[in-house]
Amino acid sequence: METVGTFTSGIAHNFNNILGGILGHTEMVEEHLSSDARPRRNLDAIRRGAERARDLVDQILTFGRRREGRREHICIKALVAEAKSLLAASLPSHARITVSETTEPTAVSAEPAQLQQVILNVCNNAVQAMDKPGVVEIEIGLREVMQALRVGQVGIGPGRFVVVSISDPGRGMDKATLERIFEPFFTTRPDGNGLGAGTRFDIWLPSIPCNQSISIQHASGIADRGVGETVLVLETDRGRLLRYEEILAALGYEPVGFTGLHEAAQACAVRARFDAALVCHQPGVTFALDFATALRDLAPNLPIILATPSARDLDAPSLAASGISEVVHHPLTSAELAGALSRCLAASVAPQLLS
């Protein structure tokens, strides 16, 4: 498993760079289209798919490091709606997906990309199992369990649960296949058996109180722009550096890019003032954190943003000790970077106004 983890991590990093290009070009095209333009809907779908793929890359990197995923408070209705949207573009003509849901809140604590992948995989397997025209039915409900239930070898409850049920009219699984469905690398493709007629998968998720903050949707617009603030950028790959400088310039900032640590630190020491710094997580976390620490020593009040493929191996004390204010995905996207810069600059201005 360690060998597989190392191998997949290497692939994931390369795949992440491809996704960065897809997201970057999608955002640039979206900026030139009005909100009601016909292609905008297709671009939104491309962007959401690429964002989910980027989250999946994050999962692969987490697997390679053997670390736990980061849970968030999410709305199952929104997650399923997004899954349906992603599936709609690739469904064969003989298959449809319907969703029925409870009117009550459906909030859970989960890792969004992992849970999304569960729903997508089950639905895709269901479609593959359908030899004839039919409907994959997704039902979202709530179950109150007063006493612990036993489902196979797993105990459930007591408690309140959000249950996502996915069923289809396919040809079903034989007993031998059913016994292996949870094996990590087991597959029956290219034929595949999927789900069976009259059967379904029930996904039980502990519910959380609806008064806790919930977020699942990705922001599609860019509301925050700069007004000529100067941003130091450290990115060891020259091609990516040029693209990131273009992104920053398009957002209204003045980028000053470097591929070397020494040159960037020297510029920070001799220049009157940078308004913010963007440190890209290349070639490793130690490199990025050490440079951020050096910047903090040279300019204690300089807001620093770290761009990294995965922040799950970074703890809050390490980030704070290095003077890092914000963490964004690497490769960069305009919307996420714009929000991080806006928050950093607002936070740096606030103490000056109070003094």
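Residues numbered from 1 in each chain as written. Predicted model: local features only at pLDDT ≥ 70, side-chain atom pairs only at ≥ 80, totals over all residues. Heavy atoms only, no water.

Enquirer: Break down the environment of cysteine 344 for me, with residues and values.
Expert: Its place among the elements puts cysteine 344 in helix H10 (residues 334–354). Cysteine 344 sits in the buried class, given a relative accessible area of 4%. Sequence spacing of cysteine 344 and alanine 277 is 67 residues, and the spatial spacing of their C-alpha atoms is 9.9 Å. What cysteine 344 contacts, discounting residues up to four positions off in sequence, is Pro303, Ile305, Ser325 and Glu326. (Helix = DSSP H or I, 4+ residues; strand = E, 2+ residues; numbered from the N terminus. Buried < 20%, exposed > 50% of the residue type's maximum accessible area, 1.4 Å probe, protein only. Contact = heavy atoms within 4.5 Å.)

Enquirer: Please provide a residue-by-residue account of the sheet that holds strand S9 (residues 230–234), values included.
Expert: Ordered by their spatial adjacency, 5 strands build an open sheet running S10-S9-S11-S12-S13, and the pairing between neighbours is parallel. The sheet terminates laterally at strand S10 (254–258) and strand S13 (324–329), the two strands that pair on one side only. Ignoring strand direction, the axes of neighbouring strands in this sheet form an average angle of 20 degrees. Direction of pairing for strand S11 (residues 276–280) relative to strand S12 (residues 304–308): parallel, over a ladder of 4 bridges. Note on S12: the bridge partner recorded for alanine 277 is isoleucine 304. Each of S9, S10 and S11 touches helix H6 (residues 238–250); the most contacted strand, S10, lies at about 165 degrees to it. Each of S9 and S10 is contacted by helix H7 (residues 261–270), which is oriented at about 160 degrees to S9, the strand it contacts most. (Pairing = 2+ DSSP bridges. Axes fitted to C-alpha atoms, helices over the stretch in contact; angles between N-to-C directions.)

Enquirer: Now, about the sheet that holds strand S8 (residues 200–206): what can you tell me, with residues and values included?
Expert: On the basis of which strands lie adjacent, the open sheet formed by 4 strands has the order S2-S4-S7-S8 and mixed pairing. Of all the strands in the sheet, just strand S2 (95–101) and S8 have a single pairing partner and so form its edges. Recorded for the sheet is a direction-independent mean angle of 20 degrees between the axes of neighbouring strands. Taken together, the 7 bridges between strand S7 (residues 159–167) and S8 define a ladder with antiparallel strand orientation. In the sheet register, serine 167 faces S8, and the bridge partner there is arginine 200. Running at roughly 140 degrees to strand S4 (residues 134–145), helix H4 (residues 112–128) makes contact with S2, S4, S7 and S8 of the sheet.

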